Amino acid sequence: MTAVLSLKEVGIRYDPDPAAALAVRNVTLEVHPGETLGLVGESGSGKSSLAAAIAGLLPRQAATEGRVTFDGVDMAAMDASAQRRLRGAKIATIAQDPFTSLNPVVRIGRQLVEFQHWRRDLSAAARWARAAEMLARVGLSDAELRMRQYPHQLSGGIRQRVAIAAALLVNPRLLIADEPTTALDATTEDQIIDLIRAARAEMDGAVVFITHDMGVVRRLCDKVAILYAGELVEAGPVDAVFAAPRHPYTRALLACDPAGIAEPSRNLPTIPGTVPAPSDLPPGCIFAPRCDRALAICHRTRPQRTEVGPGRAAACHLTGAAA
Ligand SMILES: Nc1ncnc2c1ncn2[C@@H]1O[C@H](COP(=O)(O)OP(=O)(O)OP(=O)(O)O)[C@@H](O)[C@H]1O
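None of the values given here were measured: they were computed from a predicted structure.

## Observations concerning the UniProt feature "domain: ABC transporter" (unreviewed entry) in the protein
Mapped onto this structure's residue numbering, the UniProt feature "domain: ABC transporter" (unreviewed entry) falls at residues 7–254. Taken end to end, residues 7–254 is 39% helix and 23% strand, and its two terminal C-alpha atoms sit 26 Å from one another.

## Topic: the site of the ligand
If you check the shell around the ligand, you find 13 residues, and the closest are Ser43, Gly44, Lys47, Ser48 and Ser49. Within the contact set of the ligand, an oxygen atom lies 2.8 Å away from a side-chain nitrogen or oxygen of Lys47. Taking His212, its side chain carries an N or O atom lying 3.5 Å from an oxygen atom of the ligand. Split by residue class, the shell around the ligand holds 3 nonpolar, 7 polar and 3 charged.

## Re the pattern of salt bridges
Two side chains of opposite charge can pair, provided their charged atoms sit close to one another. Inspection of every chain in the model, using the stated rule, returns 13 salt bridges. Residue Asp190 pairs with Arg219 through a salt bridge whose shortest N-O separation is 2.4 Å. Residue Asp190 is located in helix H7 (residues 186–202), and its partner Arg219 is located in helix H8 (residues 214–220); the two are separated by 29 residues in the primary sequence. Given the relative accessible area of 34%, Asp190 is considered partly exposed. On the accessibility criterion, Arg219 (24% relative accessible area) is partly exposed.

## A short note on the layout of surface pockets
Size it by volume and the largest pocket reaches roughly 1,400 Å³. What lines the largest pocket is a set of 43 residues, among which Ala52, Ala55, Gly56, Leu57 and Arg87 lie closest to the centre. When contributions to the lining of the largest pocket are tallied by element, the ones reaching two or more residues are helix H1 (47–55), strand S4 (63–70), helix H2 (80–90), strand S6 (91–94), helix H6 (156–169) and strand S7 (174–178). If one sorts the elements of the lining of the largest pocket by residue count, H2 sits on top with 7 residues. Computed from the structure, the second largest pocket encloses a volume of approximately 380 Å³. Lining the second largest pocket are 20 residues; nearest its centre among them are Thr28, Ala235, Gly311, Arg312 and Ala313. Among the elements of the structure, strand S2 (24–31), strand S9 (223–228), strand S10 (231–237), strand S11 (306–309) and strand S12 (312–314) are those that each provide at least two residues to the lining of the second largest pocket. Per-element tally for the lining of the second largest pocket: the top contributor is S10, with 6 residues. Grouping the constituent residues of the lining of the second largest pocket by class yields 10 nonpolar, 4 polar and 6 charged.

## So, the packing of H6 against H7
Running from amino to carboxyl end, H6 crosses H7 at an angle of 10°, the nearest separation of the two axes being 10 Å. Viewed along their axes, H6 and H7 adopt a mutual orientation that is roughly parallel. Here Gly157, Gln160, Arg161, Ile164 and Leu168 of H6 come into contact with H7, specifically with Thr188, Gln191, Ile192, Leu195, Ile196 and Ala199. The class makeup of the residues in the contact of H6 with H7 is 6 nonpolar, 4 polar and 1 charged.

## Here we look at the sheet that holds S11
Taken in spatial order, the 8 strands line up as S6-S7-S8-S3-S9-S10-S12-S11 in an open sheet, and their pairing is mixed. Only two strands of the sheet have a single partner each, and these edge strands are S6 and S11. Averaged over all adjacent pairs, the angle separating strand axes in this sheet is 20°, with direction ignored. Here S11 runs beside S12; their pairing, made up of 3 bridges, is antiparallel. Bridging across to S12, Thr306 finds its partner in Ala314. Strand contacts of H1: strand S3 (36–40), S6, S7, strand S8 (206–211) and S9, with the helix running at about 150° to S7, the strand carrying the most contacts. Its contacts with the sheet put H6 on S6 and S7, and the angle it makes with S6 is roughly 175°.

## Side note on the environment of Ala63
The residue Ala63 is located in strand S4 in this model. For Ala63, a relative accessible area of 24% gives the class partly exposed. Taking C-alpha positions, Ala63 is 34 Å from Gly156, a pair spaced 93 residues apart along the chain. Beyond its immediate chain neighbours, meaning those up to four positions away, Ala63 contacts Gly11, Ile12 and Arg13.

## Observations concerning empty space enclosed by the protein
Enumeration according to the criterion identifies 2 cavities of 30 Å³ or more in this entry. Empty space within the largest cavity amounts to approximately 60 Å³. Its residues placed into classes, the lining of the largest cavity shows 9 nonpolar, 2 polar and no charged. Estimates place the volume of the second largest cavity at around 40 Å³. Lining the second largest cavity are Glu231, Val233, His247, Cys285, Ile286, Arg302, Pro303 and Ala315.

## Side note on the side chain of Arg25
For Arg25, the position within the fold is in strand S2. Those residues within four positions of Arg25 in sequence are excluded, and the remaining contacts are Val10, Gly11, Ala229, Gly230, Glu231, Pro278, Leu281 and Ile286.

Cut-off values and rules
- Residues numbered from 1 in each chain as written.
- Predicted model: local features only at pLDDT ≥ 70, side-chain atom pairs only at ≥ 80, totals over all residues.
- Heavy atoms only, no water.
- UniProt positions renumbered as here; feature names shortened; annotations may be inferred.
- Helix = DSSP H or I, 4+ residues; strand = E, 2+ residues; numbered from the N terminus.
- Near = heavy atom within 4 Å.
- Polar contact = N/O pair within 3.5 Å; in protein donor to acceptor, adjacent residues only side chain to side chain.
- Nonpolar A, V, L, I, M, F, W, Y, C, P; charged D, E, K, R; others polar.
- Salt bridge = Lys/Arg side-chain N within 4 Å of Asp/Glu carboxyl O.
- Buried < 20%, exposed > 50% of the residue type's maximum accessible area, 1.4 Å probe, protein only.
- 1 Å grid on protein atoms, 1.4 Å probe; cavity = no way out; pocket = protein on both sides within 12 Å on 5 of 7 lines; lining within 4 Å.
- Points joined across faces, edges and corners; volume = space filled by probe spheres on them.
- Axes fitted to C-alpha atoms, helices over the stretch in contact; angles between N-to-C directions.
- Parallel < 35°, antiparallel > 145°, perpendicular 65-115°, else oblique.
- Contact = heavy atoms within 4.5 Å.
- Pairing = 2+ DSSP bridges.

The following block contains the structure:
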């Protein structure tokens, strides 16, 4: 089956100087139709950079390397306007704060009608009806009232539902949700997660869900990709990775937080030390300075990503032993 999204050795550099450090390096992963991929990592690990690269939202001066393929089509083979059209028609994003995607001075209904500008086959009235129907589908029983309101008149949870409705109106092939529940209380978070799960089940496509929260990954995702300091350190099916993590960083994330396995937690646990800056990476394994199992080789040589099970990969010198 062709992947909805495939990244092959993707790197991202914000500084236009080709000699500058890459903020994201060598990321390879795939998401297939029907899958939800959890992209996890501490702050600064590169989650949002990857999402921006996929959605075509990196700053103009940023450079990318490697290959991004969407439904089998290599993005690099298209010119900029064809890329924009494809992304506009097929990729929708939900941000942590829907204020960033909703216009504060335009009523919700008008915004939802405008989001459907590509549906030239529909009249304004039909787009309005479709928007109201979508709001009802995301659980807003008073859709017509909401359509007449401005974003600031809505609570955070309702704004996020509106943002999800807006994303689904595009009928996306890929939905990218960038920490959509971080600003919400636990009950609202649960509702939004259920909603994204239901949306995925209805979509003919896939979801990339960015989060700090391993508990959410366990509840929502089929696959997980764990980023550390701009590199993918482990990836694979959620059940397998959570049952037997193969990278000490993944294990540390789960072990620092015993509830993370049995029960959802809201935040990444604290691991002593900090994530290195892209310009100041250690010479060997990027996690070695914080790894309680590091050997001499870990401080000298960067480990290669290796297959460690069906659909699983990890980049660790200890991979075999650490199992
Ligand atoms: N616009 C930018 N210009 C320069 N560097 C950037 C920019 N955005 C991100 N970076 C750098 O890229 C690296 C990855 O950051 P990114 O924001 O993608 O991480 P993240 O995992 O999404 O973090 P957070 O959870 O805090 O959003 C960091 O070193 C960061 O400083």
